[in-house]
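Per-entry structural report
Here are the chains, one letter per residue:
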Amino acid sequence: MNSRIAHIASNTFREAVRDRVLYNLIVFALLMSAAAVVVGQISIDIERLVVINLGLTAVSLFGMVIAIFIGIGLVSKEIEKRTLYTVLSRPVRRWEFIVGKFFGLAGTLAVNTFFMAIGVFVALLYVSHRFQNQAGWVLVALYFIILQFLIITALTLFFSSFSSPLLSAVFAFSLFVIGSFAEDLRGFASMTQGTTRWLATGAAYLVPNFSALNIITSVAHSQPVSGQLVLYNSAYALVYTAMAICGAVLVFERRNLK
Amino acid sequence: MAAIEILGLEKTYSIGFWRKRPKHALRPLDLKVEEGEIFGFLGPNGAGKTTTLKLLMGLIFPTAGSARILGMAVDDPRMKAQIGFLPEQPYFYDYLTARELLEYYGQLSGVEAKQRWFRVNEVLQRVGLPDVGGVQLRKFSKGMLQRVGIAQAILHDPKVVFFDEPMSGLDPMGRREVRDLMAQLKVEGKTVFFSTHILSDAEALCDRVGIIHQGELRGVGAVADLTSSVHGKVEVVWQGTTVPASLRALGAECHVTRDTVRAMLSEANQDAAIEALRRERLRLVSVTPVRTSLEDYYLQKLQPANATVGVGAKA
Amino acid sequence: MSSSRWVTVIFSVFLAISLIASVLLQRGVDQLRTGATLEEVLYISSPQALKRLSLGYDGLLADIYWTRAVQYYGNKHHDGARRFDLLAPLLEITTALDPQLLVAYEYGANFLAPQPPNGAGMPERAIALEEFGIRNNPNAWQLYYNAGFIHYMELKDYAGAAKAFARGAQVPNAHPFLAILAGKMAEHAGDRQMARMMWGTSYQTTKDINVRANAAAHLRALQVDEDVTNLEALTARYQQQTGRFPSSFSELEAAGMLRGTPRDPLGQSYKLMPDGSVDLRTPDDFPFIEKGMPAGYEPPVSPKILPSD
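Now for a look at the structure at hand.

Criteria and thresholds
Residues numbered from 1 in each chain as written. Chains lettered and ligands numbered in written order. Predicted model: local features only at pLDDT ≥ 70, side-chain atom pairs only at ≥ 80, totals over all residues. Helix = DSSP H or I, 4+ residues; strand = E, 2+ residues; numbered from the N terminus. Buried ≥ 20, exposed ≤ 12 C-beta atoms within 10 Å, placed from the backbone. Contact = placed C-beta atoms within 7 Å. Nonpolar A, V, L, I, M, F, W, Y, C, P; charged D, E, K, R; others polar. Pairing = 2+ DSSP bridges. Axes fitted to C-alpha atoms, helices over the stretch in contact; angles between N-to-C directions.

Broken down by element type, chain B carries eleven helices and 14 strands. Seen along its three principal axes, the alpha-carbon backbone of chain B occupies a region of about 75 × 55 × 40 Å. Within chain B, buried positions represent 40% of all 315 residues. Pairs at least 24 apart in sequence give 70% of the contacts found in chain B among residues at least 6 apart.

We now examine the interface of chain B and chain A. Listed as interface residues are 22 residues of chain B and, on the opposing side, 20 residues of chain A. Elements that contribute at least two residues to the side of chain B that touches chain A include exactly helix H2 (77-80) and helix H3 (98-109) of chain B. For the side of chain B that touches chain A, the leading source of residues is H3 of chain B, giving five residues. When grouped by side-chain class, the residues that make up the side of chain B that touches chain A number 16 nonpolar, five polar and one charged.

Taken together, the 29 residues of chain A in the interface contact 25 residues of chain C. Contributing elements (two or more residues each) for the side of chain A that touches chain C: helix H8 (182-190), helix H10 (216-220) and helix H11 (227-253) of chain A. Taken together, the residues that form the side of chain A that touches chain C break down as 16 nonpolar, ten polar and three charged.

Turning our eyes to something else, we now look at the sheet that holds strand S8 (residues 191-196) of chain B. Residue and element names in this part refer to chain B. As summarised here, the arrangement of the six strands in space is S6-S7-S8-S3-S9-S10, forming an open sheet in which the pairing is mixed. Of all the strands in the sheet, the pair left with one neighbour each is strand S6 (83-86) and strand S10 (216-222). Neighbour to neighbour, the strand axes of the sheet diverge by 15 degrees on average, direction disregarded. Looking at chain direction, strand S3 (residues 38-42) and S8 are connected through five bridges and run parallel. Looking at the pairing, phenylalanine 41 lines up with serine 195 of S8.

The next subject is unusual backbone geometry. Phi at arginine 281 of chain B takes a positive value of approximately 60 degrees, unusual for a residue other than glycine. Structurally, arginine 281 of chain B is set in the loop between helix H10 (270-279) and strand S14 (284-290). Residue classification places arginine 281 of chain B among the exposed residues on the basis of 7 C-beta atoms within 10 Å. Positive phi, normally seen in glycine, also occurs at asparagine 173 of chain C, with a value near 65 degrees. Along the chain, asparagine 173 of chain C falls in the loop between helix H9 (158-169) and helix H10 (177-188).

Fair warning: the whole summary comes from geometry, so function is off the table for now.
Dropping the structure here:
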């Protein structure tokens, strides 16, 4: 069972690489280099700020785009192209297929982020000429970004298991935007009454909480992150990802392939 | 133990948005295929052949009924390790090379790492693609993809093999090779279940056939039985254009083409006819027993449903 | 089919568990992060840059910041806070993103300017906010009113208030009170009638329930102050006439000084104390009062503002 999941995961990774996804790293590298050079000319202190803000935001956005664009094809493309037939006629359980796909894409994003992180640190080094304790917090921010990727990947996989690529992309992107304001959503919900309040609160808790995982601004200002928050966020991301994958499996188990 | 056992397998779709109308893709099907057989599943397009195969592969779920392959349920991974499937007009991951695809499928089918390399090469050789292992599948022609499809179906040495229209996309040379391969599979003791609408292939290869039309099984039987000469006629061919009166007296139906005559008469009059020709000094070309072709049987079974439903469920 | 059933069962259970867990964890995260999102406004040194970054969705972003501002103030006020550090940046960002959001400027006048615990105690910043609003909405009379209001209430700058009201009175369709307030400012600056007029104007013209409730509370307080002043004047006169303080309001009635039992704005009767002072029965219901408080009365940390009528 595990080896099959591993094989599916590595094949998914291979597909992403051959799809020339990793070329985005070149664009990213260019962006970071340009920013670092340009910003290096401006006054001191703000350069670190800009590099961290820009770098982390770029990592986050690039990754989101990749996650969504590859994620939507994970299942639906295979069904449309019928490459799935010869896979499922083998001793591969449907849920193994879903889980394998997830790990493949998550792995791709992790590798991608790793290279991007190097780019950010190089740019940071260039503008500030030495590492500071800030670098540690930047790592935490990157870790949180990877957690965000896990969540969005699982969500896109979930949507991909039953709807078309375009709709999956729309849903996933909407949840990304709404999730970035999840805390505000809960605030709104607490201001309503009655049934609306129940529904709004329910929706507010169901939506992925990206706002708690977005610490780019505070890290840019060298604010520390509590270890407890790291723990809670990790657990939350894990649990939410599991939830979305379970949903994907349950849908896919019963799906008649065309 | 039967290799394939289908009991009352049924698939109904409801189509339409508001008032759902049922579409019977497959009406309750009962079928049994023994081990070591080559079974041909014949029918026109849209008859339900692919639906049946997809139900057997667990790609779609039945509305009713069940099926067992090698005595195991359709979703049992142990069973799937022992079957191979070639879908109609197969697609594969086009970013992989042929060898990579077969390696990957081998991994999924549980072929051990040590054996994989050998098996992959062996099977590529067998399907006639020895040199293109390193070429990306997106560059393969339709015929080559079909061969890869067969390769992935037999790679892990399965006991039962399912082919959906295996000859599609192949030129006559390719079709011959596939026919030979399928015959070879039978010699190796495998069971082959394939669907096709090309009757000559079925006639040449199959032990038994089943005929399906509009989702319903219309007839099942051994090819030999179905094509036995039930009519008891012979066809006599001779050179020349004259039809001797004696032959006409025997009740021959004659058909004259440029310089040969073909005559059909009952088997009982065969010797008398030959004698008549000898007397007239006409040159005999051939004497052939006339068999009901599978085509006749097939077309007969395709008639509307009030025709006979089955020659018998077992051979 | 049983292995498929197993899969369904197992994954459904996992789904349920992870759903519950995700809700619980989110609550935990919220605890750890109270106000963290809001504190990020402190890092937005340039609201204008934010406006550019919002790629044309500044209206929506303004609404989000506005809602955050309302919640922030409401929560802080409810907890009896003495510092409202984030209110000014929140309002400044809101108005930078959407300069036409007039209610934000109203909040500036009513909740940014006043001293804690009712406000952030930043009248100068509030004035700056109103001026920004005026630059972007020169024909919105409410903004001149707000500015004048702050000058009068918090800065005690009666000349400045008069000037602001006068400017506002010249705007087409200005509320008629602006001219009146400008005119009366010279003679009546500092007296209760002026304050009452201004709070009355606020009460009538605002569309925001929080601002209206606040104005109502102030009006009630002014009423109490006036009542208590008048009643204590009566008890003093009684004492002069009879040599002792009245023991109940009916004695005052009998002496022809009063008609009926005096009641506070919420309908409860006042309490007549032996030393001639008049107290409220439920002083907690009346924030902002300056008179009528029982001896040794400490106003509650978080003043209770009743929902407006």
